[in-house]
Amino acid sequence: MQDYIFSNDFSRNIDAMIYTCGFENCAPGHSYGPIMRNGYLIHYILEGRGIYKARGKIFRLKKGDAFLICPGELIYYEADAKAPWSYTWIGMQGIKVEGYLERTILPQCLICHYGDDKQLLSCHEKMFEADTLPRNKDLIMNSILYEYLFLLTLRFPNSQLSLNEKKSDYVEEALRYIESRYCDPIAIQDLADHLNINRSYLHRLFKSFTGISIQNYLLDYRLRQACILLKNTSLSIRVIAHSVSYADPLYFSKLFHQKKGMSPSEYRKLQQNEKHQPPSVPPG
């Protein structure tokens, strides 16, 4: 593998993105720093040895080891004088990168050992291959990043992640699942299977965090979406019912009336009347 460097200096506000990656065969004693970086970088050592200094500690690393550089922290690393290392690196930024990495031991330990993990090494190799693409390389690189982050959470999980944080993650993922699939039939068992947890446990967890059952939340969410369509479109009641997963428009109308105290048609008429009323003039 020849030395290469990919740099992507834009779009820092998306969830997660590759902003740099590369490979280098270091000369004996080659050093970098002391310096601070503005993103997270993980270096994986392919051959040789070296040292990494961070947080007042010195880590002596070799083939198969990896080390994390955190943004805003003073770091230094240096190749061994007799057996200089070669390494590949992945640099990432984004508003969710910190949270993703905190699901692993890396932010606390700073180092880990890949060993002969072919899947993790493959992510680094695929970065190199993606760099040869003539266009849209950022898309494939970001897809590799998500695979890489997933593998890190799988291989080096943070067992100290609090139980409440795990519970909150389950509920947040359940909410995202509902909000992205409310227009399709959703069985609670499907949601539990998606989260890989017990159905009854999910039911208790969801209600303890939201104060409402999953079934009622799903119904309320679908009806809120139906209200938006009734107010802002001229779609028929049948189409709107189908759009929020109800195949039977009569059943949809019955549920709507129970929750809103009026039929979908009455709700639409009320919203249209309010829209066309002239603004009230304060007494002068």
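Residues numbered from 1 in each chain as written. Predicted model: local features only at pLDDT ≥ 70, side-chain atom pairs only at ≥ 80, totals over all residues. Heavy atoms only, no water.

Let's talk about the sheet that holds strand β5 (residues 49-54)
Rules: A pair of strands is labelled paired if DSSP reports no fewer than 2 bridges between them. The secondary structure listing takes helices from DSSP runs of H or I that are at least 4 residues long and strands from runs of E that are at least 2 residues long, numbered from the N terminus. To obtain each axis, a line is fitted to C-alpha atoms, and for helices this fit is confined to the stretch in contact; angles are then taken between N-to-C directions over 0 to 180 degrees.
Spatially, the four strands line up as an open sheet ordered β3-β8-β5-β6, and their pairing is antiparallel. What marks the edges here is a single partner per strand, and that holds for β3 (31-35) and β6 (57-62). For this sheet the average axis-to-axis angle between neighbouring strands, irrespective of direction, equals 15°. In this sheet, strand β8 (residues 75-79) lies alongside β3 in antiparallel orientation, the contact comprising three bridges. Paired with I35 across the two strands is I75, which belongs to β8.

A few points about the layout of surface pockets
Keep this limit in mind: Lining residues are defined by having an atom within 4 Å of a point belonging to a cavity or pocket. Those points lie on a 1 Å grid over the protein atoms alone, cavities being sets where a 1.4 Å probe fits but cannot get out and pockets being open sets with protein on both sides within 12 Å along at least five of seven lines. Grid points are joined across faces, edges and corners, and a volume is the space filled by probe spheres set on the points. Asp, Glu, Lys and Arg are counted as charged, while Ala, Val, Leu, Ile, Met, Phe, Trp, Tyr, Cys and Pro are counted as nonpolar; the rest, among them Gly, fall into the polar class.
Counted as a void, the second largest pocket has a volume near 180 Å³. Contributing to the lining of the second largest pocket are eleven residues, with Y32, R37, H43, Y77 and W89 lying nearest its centre. Secondary structure elements with two or more residues in the lining of the second largest pocket: β2 (17-25), β4 (40-47) and β9 (86-93). Along the lines of polarity and charge, the residues of the lining of the second largest pocket split into six nonpolar, three polar and two charged.

Remarks on the environment of I58
We count it as follows: Residue exposure (1.4 Å probe, protein chains only): buried if accessible area is under 20% of the type maximum, exposed if over 50%, otherwise partly exposed. Any two residues whose heavy atoms approach within 4.5 Å at even a single point are treated as in contact.
Here I58 lies in strand β6. Among the residues examined, I58 registers a relative accessible area of 49% and is labelled partly exposed. Residues I58 and Y77, spaced 19 residues apart in sequence, show a C-alpha to C-alpha distance of 9.2 Å. Residues in contact with I58, not counting those within four places in the same chain, are I51, Y52 and K53.

A few points about the confidence of the model for the protein
Definition in use: One confidence number per residue, pLDDT, is output by the predictor and ranges from 0 to 100.
Of all residues in the protein, 90% attain a pLDDT of 70 or more, and the chain-wide mean is 86. Predicted confidence is poor over residues 9-13, with pLDDT under 50, and the contacts of this stretch with residues over four places away or in other chains come to eight contacts.

Some remarks on the packing of helix α3 (residues 118-130) against helix α4 (residues 137-155)
Put simply, the rule is: When describing relative orientation, an angle under 35 degrees is termed roughly parallel and one over 145 degrees roughly antiparallel, while 65 to 115 degrees is termed roughly perpendicular and anything else oblique.
It is at 10 Å that the axes of α3 and α4 come closest, and there the two elements cross at 170°. What the angle tells us is that α3 and α4 run roughly antiparallel. Facing Q119, L120, C123, H124, K126, M127 and A130 of α3, the residues of α4 in contact are K137, I140, M141, I144, L145, E147, Y148, L151, L152 and R155. Grouping the constituent residues of the contact of α3 with α4 by class yields eleven nonpolar, two polar and four charged.

Structural notes on the side chain of Q225
Its location among the elements puts Q225 in helix α8 (residues 214-232). For Q225, a relative accessible area of 17% translates into the label buried. For Q225, the contacting residues outside a window of four places in its chain are Y182 and V244.

A look at the nonpolar core
What tends to happen in soluble globular proteins is that the nonpolar side chains get buried as a cluster. Test applied: Nonpolar cores were defined as sets of buried Ala, Val, Leu, Ile, Met, Phe, Trp, Tyr and Cys residues, with membership established by side-chain atoms within 4.5 Å.
Ranked by size, the top nonpolar core spans 49 residues in total, and within it I42, Y52, W85, M92, Y114, Y148 and L152 carry the most contacts. Among the elements that take part in this core, α4 stands out by supplying seven residues, more than any other. Of all hydrophobic cores here, the second largest spans 33 residues; its members include A192, I237, F252 and M262.

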